[in-house]
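# Fold and geometry: a report
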Amino acid sequence: MKRTVICPGSFDPVTLGHIDIISRAAKMFDKVIVAVLVNSSKKPSFTTEERIELLRKALAGFDNIQIESFDGLLAEYARKTGANAVVRGLRAVSDFEYEFQMSLTNKKLNPDLETIFLTSRAEYMFLSSSIVKQIATLNGDITNFVPECIHDEIKKRLASNV
Ligand code: PNS
């Protein structure tokens with residue numbers, strides 16, 4: 001049986017922290033579906049298409065990673081795609097409560113679905129899409145926070161929002 005895992009998120013935009021978790025998941029599973037949430041209550045800065053395109057560029061070297069968008073419940077999306085598990089990165093204790101709640105909810109909605117947490121690498125413990133956006137819009141250096149191949153695109157896009 002093929003083991004398929006979903007890496008869900010807003011990816012607004014993708015950071016090196018996300019890439020680290022996704023690439024580690026790609027080593028553990030046969031197939032990884034990177035699922036970009038369409039209707040986030042967070043009101044994304046990048047459109048769904050932009051977020052997908054950035055992910056495509058950043059993950060171009062992997063042949064077992066598929067990038068898609070999803071709407072509605074993650075538990076239903078997992079059922080539809082035949083995924084056995086969801087992978088989430090855990091950065092700090094502050095992530096835990098929300099992640100635990102999400103994991104338990106998803107398990108109730110889809111008992112076949114497991115949630116696997118990967119510990120963030122120490123250098124990305126503080127990193128988030130919001131931090132990247134904040135720094136970029138204030139003309140700061142985001143070189144160490146986003147993949148090199150999409151650095152200029154993110155900078156340009158966010159700078160135009162100032
Ligand atoms: O990158 P994020 O914003 O932390 O990702 C959050 C995400 C997309 C994983 C989460 O909001 C989600 O799964 N949303 C879909 C709606 C859903 O299934 N809700 C019930 C479980 S809490």
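Anyway, here's the lowdown on the structure attached to this text. (Residues numbered from 1 in each chain as written. Predicted model: local features only at pLDDT ≥ 70, side-chain atom pairs only at ≥ 80, totals over all residues. Heavy atoms only, no water.)

### A word on the nonpolar core
Considering soluble globular proteins, one finds that nonpolar side chains tend to be buried as a cluster. Counting residues in hydrophobic clusters, the biggest one holds 35 residues, and the most contacted among them are Ile 22, Val 32, Val 34, Leu 55 and Ile 154. For this core, the secondary-structure elements that each account for two or more residues are strand E1 (4-9), helix H1 (16-28), strand E2 (31-37), helix H2 (48-58), strand E3 (65-70), strand E4 (85-90), helix H5 (129-137) and helix H6 (148-159). Considering every element that reaches this core, the biggest residue donor is H1, with 6 residues. Discounting residues that sit within four places of it in the chain, Ile 154 has contacts with Pro 13, Val 14, Phe 46, Leu 54, Val 132, Ile 142 and Val 146. In terms of nonpolar packing, the next biggest core, distinct from the first, is built from 10 residues, Ala 35, Tyr 77, Ala 78 and Leu 113 among them. (Core = buried A, V, L, I, M, F, W, Y, C linked by side-chain atoms within 4.5 Å. Buried < 20%, exposed > 50% of the residue type's maximum accessible area, 1.4 Å probe, protein only. Helix = DSSP H or I, 4+ residues; strand = E, 2+ residues; numbered from the N terminus. Contact = heavy atoms within 4.5 Å.)

### Section: the site of the ligand
Not every one of the 13 residues close to the ligand is listed here, only the nearest: Ser 10, Lys 42, Leu 74, Arg 88 and Met 102. Taking Leu 74, its main chain carries an N or O atom lying 2.8 Å from an oxygen atom of the ligand. In the environment of the ligand, an oxygen atom lies 2.9 Å from a nitrogen or oxygen atom belonging to the side chain of Arg 88. For the ligand, whose unbound accessible area comes to 550 Å², protein coverage reaches 79%. Elements supplying a minimum of two residues to the shell around the ligand: E1 and helix H4 (93-109). Per-element tally for the shell around the ligand: the top contributor is H4, with 3 residues. Looking at the shell around the ligand residue by residue, the classes come out as 7 nonpolar, 4 polar and 2 charged. (Near = heavy atom within 4 Å. Polar contact = N/O pair within 3.5 Å; in protein donor to acceptor, adjacent residues only side chain to side chain. Areas by Shrake-Rupley, 256 points an atom, 1.4 Å probe, with all protein chains shown as cover. Nonpolar A, V, L, I, M, F, W, Y, C, P; charged D, E, K, R; others polar.)

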